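Results of the structural survey
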Amino acid sequence: MKHRNSLLALAAIAAVPTLVFAQSTATLSGTVKDPSGAALPGAQIVIRNLGTGVERSLTSDAAGQYVAPSLPPGDYSVRATATGFSAFTVQRLTLAVDAHANLDVPLSVSSTGEVVQVESSAPLIDSESITVGQVIDRQTVQEVPLNGRHFLDLTVLTPGGVTAPANGSLTAPSRGLGANSFVTAGNREDSVNFQINGVNLNDMVQNQITFQPSINTTSEFKINNQTFSAEYGRSSGSVVNVSTRSGTNAFHGEAFDYIRNEALDARNYFSPKGTRMPSLKRHNFGAALGGPIWKDHTFFFASYEGLRQSQGLALNSGVLTAAQRAGVTDPVAKRLLAYIPLANDSTGARFIGTAAGPVQTDQGTIDISHTFSPIDTIHGFYALQKDVRTEPTLQGNTIPGFGDNRAATRQILTLNETHVFSPRLVNEARLGFNRISISFNPNVTTDPTTLGLGTGTTGPNGIPQITITGPGLNFGGPSGFPQGRFDTLGIFSDTATYTLGKHSIKFGGEFRRFLNVNFSQDTGTIGFNTVANFQTGSANSFSITPTRTSNRIYVNAVGAFVQDSWKITPNLTAELGLRYEWNGSPVDGSNRLVVFDTTSASLFRVGTNGYGNSPYTQNHNIEPRLGFAYDVFGTNKTVLRGAYGFMADQPETNAVSGLNGNPPFANRVTYSNATTTIPLSSLYASAGAAGIGISGVQRNLRNAYTETFNLNVQQELPFGVAASIGYYGSVGKHLRTPLNINQPNAAGVRPFLAVSTNSPISPGANISNVNITQVSSIGMSNYNAMWLTLRKAFRNGLNFNFNYNYSKSMDTGSLSGTVLQDATRPYLNYGPSDYDTANRISFNAIYLLPFKGNRLVEGWQLSGISQWQTGNPLNVTTTSTFTGTANVLHPNLLTPVQYGKVRSSASTVQWFTPSVCAASATAGCTFQIPTTGFGNLSRNALRGPGFADTDFSIEKNTSITERVKFQVRADAFDIFNHASFGNPGTSAVAGSTSFGVISSTRFPVGDLGSSRQLQIIGKIIF
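Rules of the game
- Here the residue numbering is sequential within each chain, running from 1 through the sequence in written order.
- Only residues with pLDDT of at least 70 are given local features in this predicted model, and only at 80 or more are side-chain atom pairs given and counted; all residues enter the totals for whole chains, interfaces and linings.
- Excluded from the side-chain calculations are hydrogens and water; all other atoms, namely the structure's heavy atoms, are used.
- Only DSSP runs of H or I with at least four residues qualify as helices, and only runs of E with at least two residues qualify as strands; both kinds are numbered from the N terminus onward.
- Atoms counted for the radius of gyration: C-alpha only. Globule rule: 2.2 Å times residue count to the power 0.38.
- For every residue, the accessible area obtained with a 1.4 Å probe (protein chains only) is divided by the maximum for its type, and the residue is called buried under 20%, exposed over 50%, and partly exposed between those limits.
- Residues count as neighbours in contact if any of their non-hydrogen atoms are within 4.5 Å of one another.
- Counting rule applied: Lys, Arg positive; Asp, Glu negative; His and chain ends not counted.
- To locate a charge, take NZ of a lysine, CZ of an arginine, CG of an aspartate or CD of a glutamate.
- A pairing counts as a salt bridge when a side-chain nitrogen of Lys or Arg comes within 4 Å of a carboxyl oxygen of Asp or Glu.
- Only buried Ala, Val, Leu, Ile, Met, Phe, Trp, Tyr and Cys residues count toward a nonpolar core, and they belong to the same one when joined by side-chain atoms within 4.5 Å.
- Residues enter a patch when their relative accessible area is above 30% and they make no salt bridge; the linking distance is 9 Å between like charges and 5 Å between nonpolar side chains (Val, Leu, Ile, Met, Phe, Trp, Tyr).
- What sets the accessible areas is the Shrake-Rupley method with a 1.4 Å probe; for residues, cover comes only from the shown protein chains.
- Throughout this description, a polar contact denotes any pair of N or O atoms lying within 3.5 Å of each other; where both atoms belong to protein, one of them has to be capable of donating a hydrogen while the other can accept it, and for residues adjacent in sequence the pair is counted only when both atoms sit in side chains.
- Relevant arc is that of directions from the helix axis to the C-beta atoms, nothing else.
- Space inside and on the surface of the protein is sampled on a 1 Å grid over the protein atoms alone, with a cavity defined as a set of points where a 1.4 Å probe fits but cannot get out and a pocket as an open set with protein on both sides within 12 Å along at least 5 of 7 lines; lining residues have an atom within 4 Å of a point.
- Grid points are joined across faces, edges and corners, and a volume is the space filled by probe spheres set on the points.
- Classification used: nonpolar for Ala, Val, Leu, Ile, Met, Phe, Trp, Tyr, Cys and Pro, charged for Asp, Glu, Lys and Arg, polar for all others including Gly.
- The criterion for an aromatic pair is that two Phe, Tyr or Trp rings (for Trp, the six-membered ring) have centres within 6.5 Å, with stacked assigned to planes under 30 degrees apart, edge-to-face to planes over 60 apart and tilted to the rest.
- Note on geometry: a ring has a charge over it if NZ (lysine) or CZ (arginine) is within 6 Å of the ring centre and within 35 degrees of the ring normal.
- When DSSP finds two or more bridges between two strands, those strands count as paired.
- Only a pair of cysteine sulfur atoms within 2.5 Å counts as a disulfide in this structure description.

**Things to note about the overall build of the protein chain**
- Counting its secondary structure elements, the protein chain contains six helices and 61 strands.
- Taken over C-alpha atoms, the radius of gyration comes to 30 Å for the protein chain, in line with the 31 Å a tight globule of 1022 residues would show.
- Across the 1022 residues in the protein chain, those meeting the buried criterion constitute 60%.
- The contacts in the protein chain between residues at least 6 apart in sequence include a share of 73% that link residues at least 24 apart.
- If you average the places of the 72 positive and of the 62 negative side-chain charges in the protein chain, the two averages end up 5 Å apart.

What follows is the structure, encoded as structure tokens:
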């Protein structure tokens, strides 16, 4: 009843017309002054949108101040008048997305005549907001070379941003679709809040972006990654605000074609000479058109973009040698040999080849805005994307023939209405949804029984995902497939800004409802910790959910806040805010979630035995935000800022979706033992004898939260350059962490030996040899950094952006799937984050060459992006199952690790000395495997290779007529052909041929930093 009353109270708050959510609009404010510098009340200010003709009229208050919120990003003119004074006009002022721009208006006596400024760019220094962020303007979005044309690739250009680690999950590039998230300011990749026109674009199953809007329809976007205002909620990480392109009173459009072919590219470092280069043929084409439907009232902008990509993914994997193949004695393992290719390199131990991965996408968008009157406007945007692609190396497959194929339909709708009730009160309402429908199907659908595999499944389901430690071989699967889902996130929010003297107050909230409908089958997983075990058909690990499972999960959430921007003095602004977030617990429509109660050691179906219909209790979050911005000399050229913010995460639904795999809906089994094996012919029966498989979730699961804080100074320099330097820090608590609550002690005895005989489900079932993975909220993190930035807005044909980060990011786990090596001592996992990067430099620039004369010499432009960073941590593990889980315990480090780039073969590089002792230490041994217990090497103790990449573009614009121009451009990605290496193998096994060995670049061929690649572009722009 208590929770129900809380929900009703919040629903009542959400019903009022003054609610608020994150901004995709801009705010313009300032002070009107007389010739003596004194505040001038009663002045009339008219702000006119130059594209649409829409005007906003204001009157300066008693303090001479004016505030105009909820202005669409774009170009404006500003005119101020007052009795007895000359008019003041700025003919062009550019407002960026989520900008808090300040324009002071100096009025002179009427006898001096009107003062006109032809152009006034937005202030270089932000003296009005505590939010730390950066706008990526339309010119940068459209003109700099992007490998794949995905706007999230530009996130690395922001302060605190880093290139994703090689082992990233959501940050790994999805071919044709780009990455699904990014890493910045020490935040996890699944904590980013994506917004388009203020409407959420997150897929709440994993909290990734549902899809990336086309560059063609993206006007600009802003990344806020520290101390947000209270108007922002739902996530603790960065906030990305995307503003879409809209039509104006003039018709504008373009048609484009981007072409790539491997014939123009350099060979990848790990593709030996004499072998055929993997195919990469990419054809990216489209068109856009925008203009008036009814001049000064109704406008449209429509776009289409298509991609046709044929690609062969380079593979370089350890496989069985001829002698090892000949030594296979188990009949089932012999049949599996047919799926493992023969070695084809000079060592006789590796396979080098390609796997086909075609991609096809089609995306269309329509943007319509209408002005009912100067005080009432509406803006709608809709995007639809259909994509089909094959992922042949899914879940780490290292040889061809596996992975999956998938087809998806993705949509987003945003509808914004802005109403000016009075010059002091402006309201912006938002309504929207985003949706994804996607299915995943294995490329190999062999019936496992035809191979003699006793997985407990029959039919064309596919074979398990199989890993052989030693050669680093991964084939089969994908595990957890086939699967599919149909997800919809609906949102209602509203923004109201009320100006009262020195206070600009925002207040309100939003309501979100997410529906996740999904199904899943499972091919299973099999692990062999030695080649010898594979030869004899003796598996060390096996897991499978043999029954098809399904969910229909609902989640509701409500947020409310109040935020006061208080102009204490003309030089000092304070922001004081408080946000409340209620994140409801997930509910399955048919109560198919089954929980493991640790108190009674029983299995309960939600909706019974006092559990309600949710597996964990809902969370209430109070989130204060406060800070200041001080214009030190009153010139808006030197600003000191400091702030503190508390931000909470809404949990993803995949925290609970696995609970429907518990009995009685499915009979999952999991088995893991480094020494005692089970035969391939009876995997399910043997693992089942060890106990049933159970998933869990912490009953009092808490919302993860981050506290961020900073102190920085911004300084305007000559030639339109703005500099900033500051300290930025954060502390994260209650981060999601899987916890094995049935971990054996030193004597090998587990806390739970059997399900209680009083359990309503599976009473007395054996779990004495079973890991019970519980989603918990025990993780923590901290981040400390110095950020230095130099930024030049486009002026005199040049703009640039330079960032340097010196940082340290530490945590107990960098992803929600991180496994603790010892569940009873989580602090042992504390170490550098997977994405920790001590030093990073990024630079991008656009330069319009100053040549004049004729069409041949005019219109040339150069642009580029360059980035460099030190290496990410490496986590060396063993196959020991001392705590019940393989590949999480660490070895002993006997001598310092010796790093070096030693070309061990034509297709591999030795990164560090791989000497491993299986038992007692011997001379020259670097790593030693403990027979029992824990090694002394800590998590993420080693370092991998750094990253460096420079992309360059040369462009020629030729005027065909006054309104039509033709653009031809050439992009060179990784122009210096510098191979940025991936991570080496990190599984410490005596005699391993993959430990310490690098066999690929950081990202696959065709993506960032893999090798020099050329792209040719043609555009017609009018």
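Here the narrative resumes, following the displayed structure.
**Points about the pattern of salt bridges**
- Within this structure, the stated rule accounts for 27 salt bridges.
- Measuring nitrogen to oxygen at the nearest pair gives 2.6 Å for the salt bridge that ties glutamate 510 to arginine 512.
- In this structure, a network of salt bridges that share partners links the residues Glu510, Arg512, Arg579 and Glu581.

**Some details on the nonpolar core**
- One finds Leu453, Ile526, Phe534 and Leu680 to be the most contacted residues of the largest nonpolar core, which totals 33 residues.
- Listed by contribution, the elements that provide at least two residues to this core are α4 (331-336), β27 (465-468), β28 (473-475), β31 (525-528), α5 (531-535), β33 (541-544), β41 (669-672) and α6 (683-690).
- Beyond its immediate chain neighbours, meaning those up to four positions away, phenylalanine 534 contacts Leu320, Val328, Ala333, Leu336, Leu337, Ile340, Ile468 and Phe528.
- Counting residues in hydrophobic clusters, the runner-up holds 26 residues, among them Val144, Phe211, Val240 and Ala383.

**A look at a nonpolar patch on the surface**
- On the surface, a nonpolar cluster with roughly 370 Å² of combined accessible area is contributed by Tyr630, Leu640, Leu711, Val713 and Ile725.
- Following the sequence through the fold, valine 713 ends up in strand β44 (residues 705-717).

**Some words on the side chain of asparagine 540**
- Within the secondary structure layout, asparagine 540 lies in the loop between β32 (538-539) and β33.
- According to the relative accessible area criterion, asparagine 540 is buried, its value standing at 5%.
- Here the side chain of asparagine 540 touches asparagine 529 through a polar contact of 2.9 Å, landing on its backbone nitrogen.
- Within the structure, the side chain of asparagine 540 is placed 3.2 Å from the backbone oxygen of alanine 674, a separation counted as a polar contact.

**Some details on α6**
- Taken as a whole, α6 has its buried residues at Leu683, Ala687 and Ala690. Buried residues of α6, seen end-on, are gathered within an arc of 45° and therefore sit on one face of the element. Those residues of α6 that are exposed and aimed more than 90 degrees away from the buried face are Ala685 and Ala689.
- Those residues of α6 hidden inside the fold are in contact with β31, β32, β33, β41 and β42 (678-679).
- One or two positions beyond α6, positive phi appears at glycine 691, with a value near 140°.

**A word on the side chain of arginine 234**
- Structurally, arginine 234 can be placed in the loop between β17 (218-226) and β18 (239-244).
- The side chain of arginine 234 sits in the buried core without any salt bridge; glutamate 510 is the nearest counter-charge, 6.2 Å away.
- When residues no more than four places from it in sequence are discounted, the contact partners of arginine 234 are Val192, Asn193, Asn200, Asn202, Met204, Asn207, Arg512, Glu581, Ala648, Asp649 and Gln650.

**Focus on empty space enclosed by the protein**
- Enumeration over the complete set of coordinates arrives at eight cavities of 30 Å³ or more.
- The space that makes up the largest cavity amounts to roughly 490 Å³.
- As for the largest cavity, its lining consists of 35 residues, of which Asn147, Asp153, Pro173, Ala179 and Leu1008 are closest to the centre.
- Secondary-structure elements contributing two or more residues to the lining of the largest cavity are β20 (280-294), β21 (298-318) and β50 (860-869).
- Each residue belonging to the lining of the largest cavity can be placed in one class, and the counts come to 15 nonpolar, 14 polar and six charged.
- Space inside the second largest cavity adds up to approximately 300 Å³.

**Describing the packing of aromatic side chains**
- What the rule picks out here adds up to 25 aromatic pairs.
- Measuring from centroid to centroid gives 4.5 Å for phenylalanine 646 and tyrosine 705, while their planes differ by 20°, and the two rings are stacked. Pair noted here: phenylalanine 646 is in strand β40 (residues 638-648) and tyrosine 705 is in strand β44, with a separation of 59 residues, a long-range link. Tyrosine 705 shares its class with phenylalanine 646; the two are buried.
- Each residue in the set Tyr269, Phe270 and Phe981 is aromatic and connected to the rest through ring pairs, giving one cluster.
- Here arginine 149 stacks its cationic end above the ring of phenylalanine 256, 4.8 Å away from the centre of that ring.
- Positioned over the ring face of phenylalanine 934 is arginine 825, at 5.1 Å from the centre of the ring.

**With respect to the sheet that holds strand β56 (residues 927-928)**
- Taken in spatial order, the three strands make up an open sheet running β52-β56-β55, and their pairing is mixed. In the strand order of this sheet, the two ends are held by β52 (892-893) and β55 (916-917), each with one partner.
- Pairing of β52 with β56 involves two bridges; the strand directions are antiparallel. Note that in β56 the partner of leucine 893 across the bridge is phenylalanine 927.

**Side note on the state of the cysteines**
- Taken as a whole and assessed by the stated rule, the structure comprises one disulfide.
- Put simply, cysteine 917 and cysteine 925 are joined by a disulfide, and their sulfur atoms are 1.8 Å apart. Like cysteine 925, cysteine 917 is buried.

**What about unusual backbone geometry?**
- The step from glycine 477 to proline 478 runs through a cis peptide bond, and the omega angle for that step is 5°.
- Topologically, proline 478 is positioned in the loop between β28 and β29 (483-500).
- Between proline 663 and proline 664 the backbone carries a cis peptide bond, its omega angle lying at 10°.
- Within the secondary structure layout, proline 664 lies in the loop between β40 and β41.
- Phi is positive for arginine 234, which is not a glycine, with a value near 80°.

**Side note on the pairing of strand β30 (residues 503-520)**
- As paired elements, β29 and β30 share 15 bridges and run antiparallel to each other. Within β30, the position partnered with phenylalanine 486 by the bridge is valine 517.
- Hairpin connection between β29 and β30: a loop of two residues separates the two successive antiparallel strands, and glycine 501 in this loop has a positive phi of roughly 60°.

**Considering the sheet that holds strand β54 (residues 908-912)**
- The antiparallel open sheet is built from three strands, whose spatial order is β53-β54-β60. Every other strand in the sheet has two partners, leaving β53 (899-905) and β60 (997-998) as the edge strands with one partner each.
- Pairing analysis gives two bridges linking β54 to β60, with the strands arranged antiparallel. Directly across from valine 909, in β60, lies its bridge partner isoleucine 998.

**Focus: the environment of glycine 74**
- Structurally, the position occupied by glycine 74 is in strand β5 (residues 74-81).
- Beyond its immediate chain neighbours, meaning those up to four positions away, glycine 74 contacts Leu93, Thr94 and Leu95.

**Looking at the pairing of strand β38 (residues 602-605)**
- Direction of pairing for strand β37 (residues 594-597) relative to β38: antiparallel, over a ladder of four bridges. Bridge pairing in β38 links valine 594 to arginine 605.
- Here β37 hands over to β38 after four residues, with alanine 601 in that stretch at a positive phi of 55°.

**Considering the environment of isoleucine 375**
- Mapped onto the elements, isoleucine 375 comes out in the loop between β23 (359-373) and β24 (376-391).
- Spatially, the C-alpha atom of isoleucine 375 lies 24 Å from that of leucine 413, the residues being 38 residues apart in sequence.
- Apart from residues no more than four positions distant in its own chain, isoleucine 375 is found in contact with Thr418, His419 and Val420.

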